[in-house]
Amino acid sequence: MALETKLEEAHELDKKDTLSRFRESFHIPKHKDGSDSIYFCGNSLGLQPKQTKEFLEQELNDWAGLGVEGHFHAQNPWMPYHEFLSKKMAEIVGAQQHEVVVMNTLTTNLHLMMVSFYRPEGRRRKILIEGDAFPSDRYAVASQIKFHGGDPATDLITWQPRPGNNTPDMDDLKTILEQQGDQIALIMVGAVNYYTGQFFDLKSITELGHSYGIMVGFDCAHGAGNVDLRLHESGADFAVWCTYKYLNSGPGSLGGCFVHERHADRPELPRFTGWWGHNKETRFKMRDDFEPMYGAEGWQLSNPPILSMAAIRASLDLFSQAGFKALREKSVQLTAYLEFLLQQMQGDRISIITPSDPNWRGCQLSLAVKDADRSLFDAITAKGVIADWREPDVIRIAPVPLYNSFADCWKFVDILSSEM
Ligand SMILES: *Cc1c(COP(=O)(O)O)cnc(C)c1O
């Protein structure tokens, strides 16, 4: 089946795109015939910026030449290194600088946040998550419930889509809270659901939760660098994310953490502590009493891995050159174009389960394949598409505005339709 739209039209859109030059700043994996792969997997592992190597080499050279002195005398001193990341990261997630810190990894940060913000008491013991939550999130919240002596079978509740729907509805959350709001201690939702690509209304969820006295946090793994999270404005108590997906900082790289400023100066709040969260003015006096730093930095545990942070710097540098607002605008256009091409395909074998309203999704589209086994996915993979298969029947594709093109979208749909 041929597409009605021609590849030339996609090339025209790429020519008009003021951000298209950023593709050159990335290593694009090659297909076996030597052409660029169609890489739609930036929601799983972002591509490597070409400048990452230089940023890493800088730190390797300073370590080689200076040893421990690098803490103060490296070109980018390691002692305050994480502070170099906070401003740009805060812009990307829509927070104030002191509300954000880069540290640990995502699931670790989620646990640290729950130590402070999941405080079951009396009847109020439950945690609410969304249906189809990412498994690690589910394991983490279930283990926190058990840690506090609860039972996930009764204390972990999920906000499910209605029968026949793909995504949960705000009205149903309202109903759950009307019935059980006084028993819920924490709402923890994936800001952009990893499976469906739905972007939740963070502000409305937070306001609703707070009106019942519930703490509200978000896992922004699929949101950071993808959608306009406006974390401060949302009022959420905390948020966590990783930097290896849309933030292109390399496999297993560090995570980010947001703590709303209303909690910035609450030394009495229970937390797990380490020396890097201690007031930096007196950190090396090695005193016995812990005095937390103001803001999100007060949750840090350890002196951080500089090499991983150097990769994050390299990537954030590209984000600030491109401008997050412009990236998001391109992203809306790119995903709409991909959706438009998919809709031109005949038949009902593929349906898009991601919300069609651009306000409630990021770049990802999740395609449910009727009567699926992996064969269609394997066939497009053999043709040079790098996408992601989720059991039982979903292909997730994410055109990323920093390095994907309109031509990528066209070629993808061309391959998909010829393999069907
Ligand atoms: C990717 C992802 C994770 C992975 O957690 P790590 O601790 O970084 O391994 C967890 N939760 C969500 C929602 C994710 O998308």
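Described below are features of the structure shown in this document. It should be emphasised that the depicted structure is a prediction, and the values quoted were computed from it without experimental measurement. (Residues numbered from 1 in each chain as written. Predicted model: local features only at pLDDT ≥ 70, side-chain atom pairs only at ≥ 80, totals over all residues. Heavy atoms only, no water.)

A few points about the overall build of the protein chain
Condition: What counts as a helix is a DSSP run of H or I of at least four residues, what counts as a strand is a run of E of at least two, and both are numbered from the N terminus. Put simply, the radius of gyration uses C-alpha atoms, and a globule should come to 2.2 Å times the residue count raised to 0.38. Should any heavy atoms of two residues lie within 4.5 Å, those residues are counted as being in contact. Calculation of accessible area relied on Shrake-Rupley with a 1.4 Å probe; when residues are assessed, cover is drawn exclusively from the protein chains displayed.
Looking only at helices and strands, the protein chain has 14 helices and 13 strands in total. Expected size for 420 residues packed as a compact globule is a radius of gyration near 22 Å; at 22 Å, the protein chain falls within 12% of this value. Taken along the three principal axes of its C-alpha coordinates, the protein chain extends 70 × 60 × 30 Å. Nonlocal contacts in the protein chain, meaning residues at least 24 apart in sequence, comprise 70% of its contacts between residues at least 6 apart. As displayed, the protein chain offers around 18,000 Å² of accessible surface, 51% of which is attributable to carbon and sulfur atoms.

Details of the site of the ligand
Where we set the bar: Near is defined per residue: the residue qualifies when any heavy atom it owns lies within 4 Å of the molecule or strand. The definition of a polar contact used here is a pair of N or O atoms within 3.5 Å, where within protein one atom must be able to donate a hydrogen and the other to accept one, and adjacent residues in sequence count solely through side-chain atom pairs. When residues are grouped by polarity, Ala, Val, Leu, Ile, Met, Phe, Trp, Tyr, Cys and Pro land in nonpolar, Asp, Glu, Lys and Arg in charged, and all others, Gly among them, in polar.
The full set of residues close to the ligand is Leu-106, Thr-107, Phe-134, Asp-137, Asp-219, Ala-221, His-222, Tyr-244 and Lys-245. Here Thr-107 contributes a side-chain N or O atom positioned 2.6 Å from an oxygen atom of the ligand. Interatomic distance of 3.2 Å between a side-chain N/O atom of His-222 and an oxygen atom of the ligand. Burial of the ligand by the surrounding chains reaches 84%, relative to a free accessible area of 390 Å². Here the shell around the ligand is built from residues that sort into 4 nonpolar, 2 polar and 3 charged.

What about the layout of surface pockets?
To be explicit about the condition: Only protein atoms enter the calculation, which uses a 1 Å grid: trapped sets of points that fit a 1.4 Å probe without letting it out are cavities, open sets showing protein on both sides within 12 Å along at least five of seven lines are pockets, and any residue with an atom within 4 Å of a point is a lining residue. Grid points are joined across faces, edges and corners, and a volume is the space filled by probe spheres set on the points. Note that domain bounds follow an automatic or database assignment of domains.
In this structure, the largest pocket occupies an estimated 390 Å³ of space. Forming the boundary of the largest pocket are 18 residues, of which Phe-199, Asp-228, Leu-229, Arg-230 and Asn-359 lie nearest the centre. When contributions to the lining of the largest pocket are tallied by element, the ones reaching two or more residues are helix 9 (202-211), helix 10 (231-234) and helix 12 (324-344). The residue makeup of the lining of the largest pocket, split by class, is 8 nonpolar, 2 polar and 8 charged. Residues lining the lining of the largest pocket come from more than one domain, with at least three contributed by each of domain 1 (7-49 + 323-419) and domain 2 (82-303).

Observations concerning the packing of aromatic side chains
For clarity, the threshold we go by: Stacked, tilted and edge-to-face are the three classes assigned to paired rings of Phe, Tyr and Trp, where Trp is represented by its six-membered ring and a pair needs centres within 6.5 Å; plane angles under 30 degrees give stacked, over 60 edge-to-face, the rest tilted. Note on classification: 1.4 Å probe, protein chains only; a residue is buried when its accessible area is under 20% of the maximum for its type, exposed when over 50%, partly exposed between these limits. A ring has a charge above it when a Lys NZ or an Arg CZ is no more than 6 Å from the ring centre and no more than 35 degrees off the ring normal.
For the structure on display, the rule yields 16 aromatic pairs. Ring centres 5.5 Å apart and planes at 55° place the aromatic pair Phe-40 and Phe-412 in the tilted group. Pair noted here: Phe-40 is in the loop between strand 1 (38-39) and helix 2 (52-66) and Phe-412 is in helix 14 (residues 406-419), with a separation of 372 residues, a long-range link. Judged by its relative accessible area of 0%, Phe-40 is buried. When the centroid spacing of 5.5 Å and the interplanar angle of 70° are considered together, the rings of Trp-275 and Phe-284 count as edge-to-face. For Trp-275, a relative accessible area of 36% translates into the label partly exposed. With relative accessibility at 45%, the residue Phe-284 sits in the partly exposed group. Here the aromatic residues Phe-26, Tyr-39 and Tyr-403 are joined through ring pairs into a cluster of three or more. Note that Lys-245 overlies the ring of Phe-134, its terminal NZ or CZ placed 5.1 Å from the centroid. Sitting above the plane of the Trp-276 ring, Arg-283 keeps its charged end 4.1 Å from the centroid.

Honestly, it's all geometry; don't read function into it.
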